[in-house]
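Close look at the chain arrangement
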Amino acid sequence: MVRNPGAPAGVVLRALTAVDRQQVWWAFGDTAQLTRDVAEAMIGHPDRRVRSAVAGNSHVDPVQRARLVTDPDWVVVARAVAGRRHSDGDPRPLTDEAYARGLSWVMSCEGDGGGMLTRDEVLGEFISSQDTPVHVLRSFCRRPEAELRLVSCQWWRGLSAAERVALTLDPVPGVRGHARRVAIEARSCLTDIDWAPTGRGSESAISYRLLARADAERIVWGEAPARYRYYAAGNPHLPADLVAVLGRDADPAVRYRVSMRSEMTEGQRAAIDYRVPELADLDDATRYDARPMAGTPDTWARSAHAGVRRIAACSGGLSGEARDVLVGDSDLGVRVLTCRHQAGVAPEVLLRAYRDFRGRGRGRLTWRPGFPTHGLARFADDPDPGMRELVLRDPDAPAEVVVPLLADPERCVRTALARHPALAGERLLAVLDDPELGPSAAANPALPVAVMHRILDAAGVPRLP
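Basis of the calculations
- Residues numbered from 1 in each chain as written.
- Predicted model: local features only at pLDDT ≥ 70, side-chain atom pairs only at ≥ 80, totals over all residues.
- Heavy atoms only, no water.
- Helix = DSSP H or I, 4+ residues; strand = E, 2+ residues; numbered from the N terminus.
- Buried < 20%, exposed > 50% of the residue type's maximum accessible area, 1.4 Å probe, protein only.
- Contact = heavy atoms within 4.5 Å.
- Areas by Shrake-Rupley, 256 points an atom, 1.4 Å probe, with all protein chains shown as cover.
- Lys, Arg positive; Asp, Glu negative; His and termini not counted.
- Charge placed at Lys NZ, Arg CZ, Asp CG, Glu CD.
- Phe/Tyr/Trp six-rings, centres within 6.5 Å; stacked < 30°, edge-to-face > 60°.
- Core = buried A, V, L, I, M, F, W, Y, C linked by side-chain atoms within 4.5 Å.
- Axes fitted to C-alpha atoms, helices over the stretch in contact; angles between N-to-C directions.
- Parallel < 35°, antiparallel > 145°, perpendicular 65-115°, else oblique.
- Left-handed = near helix turned anticlockwise from the far one by under 90°.
- Nonpolar A, V, L, I, M, F, W, Y, C, P; charged D, E, K, R; others polar.
- Arc of directions from axis to C-beta.

1. With respect to the overall build of the protein
- Broken down by element type, the protein carries 29 helices and two strands.
- Seen through its principal axes, the protein has C-alpha atoms that stretch 75 × 60 × 45 Å.
- Buried residues in the protein amount to 48% of all 465 residues.
- Taking the contacts inside the protein whose residues are at least 6 apart along the sequence as the reference set, 54% of them involve residues at least 24 apart.
- Accessible surface, the protein as shown: approximately 22,000 Å² in total, 54% of it carbon and sulfur.
- Charged side chains in the protein number 61 positive and 61 negative. The centres of these two groups are separated by 3 Å.

Given below as structure tokens:
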């Protein structure tokens with residue numbers, strides 16, 4: 001019920017006092033239905049678990065969440081800076097100023113932050129979060145705290161030349177010495193390769209470290225674990241003649257990775273028999289291992305290589321003209337990623353991308369600004385259950401369309417449509433008593449407030465004074 005967009009603040013705040021609080025806290029932690037007033041009440045709540053739930057809810061206004069980066073409890077701080085990605089939504093990162101303020105707070109505190117987490121654990125949460133912007137992590141090299149400048153060395157390859165030099169000249173001996181060791185390692189040959197057939201410890205290093213000629217040949221000519229060829233295919237130091245060999249490799253994944261190397265010309269890419277992998281996940285573009293390329297997103301958008309065009313689709317700075325070309329691309333991955341990452345895409349194009357894409361994270365497309373709502377009732381009989389689910393988003397869908405979907409063969413459709421406001425009055429109350437559909441019906445905005453309070457009464461939740 002806390003997910004019900006029609007639930008007033010009095011109902012939601014009353015739910016916070018529920019006996020079975022753990023379920024309520026988890027529900028608050030990822031619901032998109034928290035009103036600003038409810039979020040405010042949770043931010044000031046004395047129970048840190050309540051504050052932690054709202055701190056990690058990426059649907060809450062980042063400006064509100066940012067107030068918790070200086071919470072006296074480090075569990076709350078960790079949730080605020082790490083965020084929490086909703087399964088069907090995009091992360092809403094804090095501002096750079098909020099991240100900086102949170103880091104300053106944690107680094108300056110001398111207490112135990114509530115005793116649940118250490119300072120190092122809070123930093124670990126911050127660094128490991130997939131929603132922490134990369135540029136914020138790289139900014140550690142410019143922080144006043146020596147400990148954070150030391151940590152920044154782990155992103156050595158992503159730092160600018162000036163930032164690297166500054167770290168090697170750092171006034172703190174520990175930072176300076178570590179940075180110099182990292183710099184030497186980056187220029188030296190990888191010597192401790194795990195050649196065991198089942199070894200996996202060298203994969204990352206093989207993708208970016210300088211390799212001795214003999215070791216590189218051993219990998220390329222198949223005298224090492226086969227998967228090492230894939231990692232070597234992206235190594236920027238690999239000699240051109242060995243790159244050419246991998247461009248003819250029997251493994252299509254290896255050939256594709258060679259084709260995505262930054263120094264490749266359009267002609268060189270065309271000469272490789274590559275196959276662009278199917279886009280199985282809306283985040284796949286972050287896993288192409290493509291190094292920065294020369295040119296701009298608009299020039300990448302004109303590439304004959306679909307993989308390069310996918311990178312353009314995910315890039316900031318893409319012009320509206322290039323965007324409009326990419327949404328009609330022959331490659332489904334390019335079309336979907338453009339809809340996923342670029343603003344100003346027409347509603348019908350977003351709907352078409354959703355219809356065509358069946359991979360993981362499909363639902364995120366419905367969160368894009370401009371995704372249509374009206375007219376979706378026409379998909380009630382569509383063979384794709386994902387399309388039938390869209391009927392929920394149509395506020396004009398009549399009860400005679402919604403009710404039959406409560407008996408849909410797919411559970412995801414049944415539970416989704418139990419939340420449609422076309423179910424009202426006695427019909428909604430009947431669905432509320434259904435063992436399977438009842439929890440979803442409790443999130444129906446047509447549910448009367450009096451009924452919400454009766455549900456809480458039955459659960460033994462006391463009324464608020």
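2. Quick look at the environment of Asp 131
- Position of Asp 131 relative to the elements: it lies in the loop between helix H8 (119-128) and helix H9 (134-138).
- Asp 131 sits in the buried class, given a relative accessible area of 10%.
- Taking C-alpha positions, Asp 131 is 37 Å from Arg 248, a pair spaced 117 residues apart along the chain.

3. Focus on the packing of aromatic side chains
- Using the criterion set out here, one finds five aromatic pairs in the structure.
- Seen from their ring centres, Tyr 99 and Phe 126 are 5.6 Å apart, and the 65 degrees between their planes marks the pair as edge-to-face. Residue Tyr 99 is located in helix H7 (residues 96-108), and its partner Phe 126 is located in helix H8; the two are separated by 27 residues in the primary sequence. Like Phe 126, Tyr 99 is buried.
- When the ring of Phe 140 is compared with that of Trp 155, the centres are 5.6 Å apart and the planes differ by 80 degrees; the resulting orientation is edge-to-face.

4. Considering the environment of Val 336
- Topologically, Val 336 is positioned in helix H22 (residues 332-341).
- Here Val 336 falls in the buried class, since its relative accessible area comes to 0%.
- Between the C-alpha atom of Val 336 and that of Leu 365, which follows or precedes it by 29 residues, the distance is 8.4 Å.
- Beyond its immediate stretch of four places on either side in the chain, Val 336 contacts Leu 279, Leu 282, Ala 353, Phe 357 and Leu 365.

5. Examining the nonpolar core
- Within the largest apolar cluster, 59 residues are counted, with the highest numbers of intra-cluster contacts made by Phe 28, Met 42, Val 54, Phe 126 and Leu 417.
- Beyond its immediate chain neighbours, meaning those up to four positions away, Met 42 contacts Leu 16, Phe 28, Leu 34, Val 50, Arg 51, Ala 53 and Val 54.
- Formed by 31 residues, the second largest nonpolar core is a distinct cluster that contains Ala 301, Ala 312, Val 327 and Leu 390.

6. Let's talk about the packing of H7 against H8
- Look at H7 against H8: their axes get within 10 Å of each other, and the N-to-C directions meet at 160 degrees. With respect to their mutual orientation, H7 and H8 come out roughly antiparallel. The hand of the H7/H8 crossing is left-handed. In this structure, H7 contributes Tyr 99, Leu 103, Val 106 and Met 107 to the contact, and H8 contributes Arg 119, Val 122, Leu 123 and Phe 126.
- Here the contact of H7 with H8 is built from residues that sort into seven nonpolar, no polar and one charged.

7. Quick notes on helix H11 (residues 161-168)
- Looking only at H11, the buried set comprises Glu 163, Leu 167 and Thr 168. Taken around the axis of H11, the buried residues stretch over an arc of 140 degrees, which confines them to a single face. Within H11, the exposed residues directed more than 90 degrees away from the buried face are Ala 161 and Ala 162.
- Check the buried side of H11 and you find it contacts helix H10 (146-151) and helix H12 (173-187).

From the geometry alone we can't say anything about function, so treat these as descriptive.
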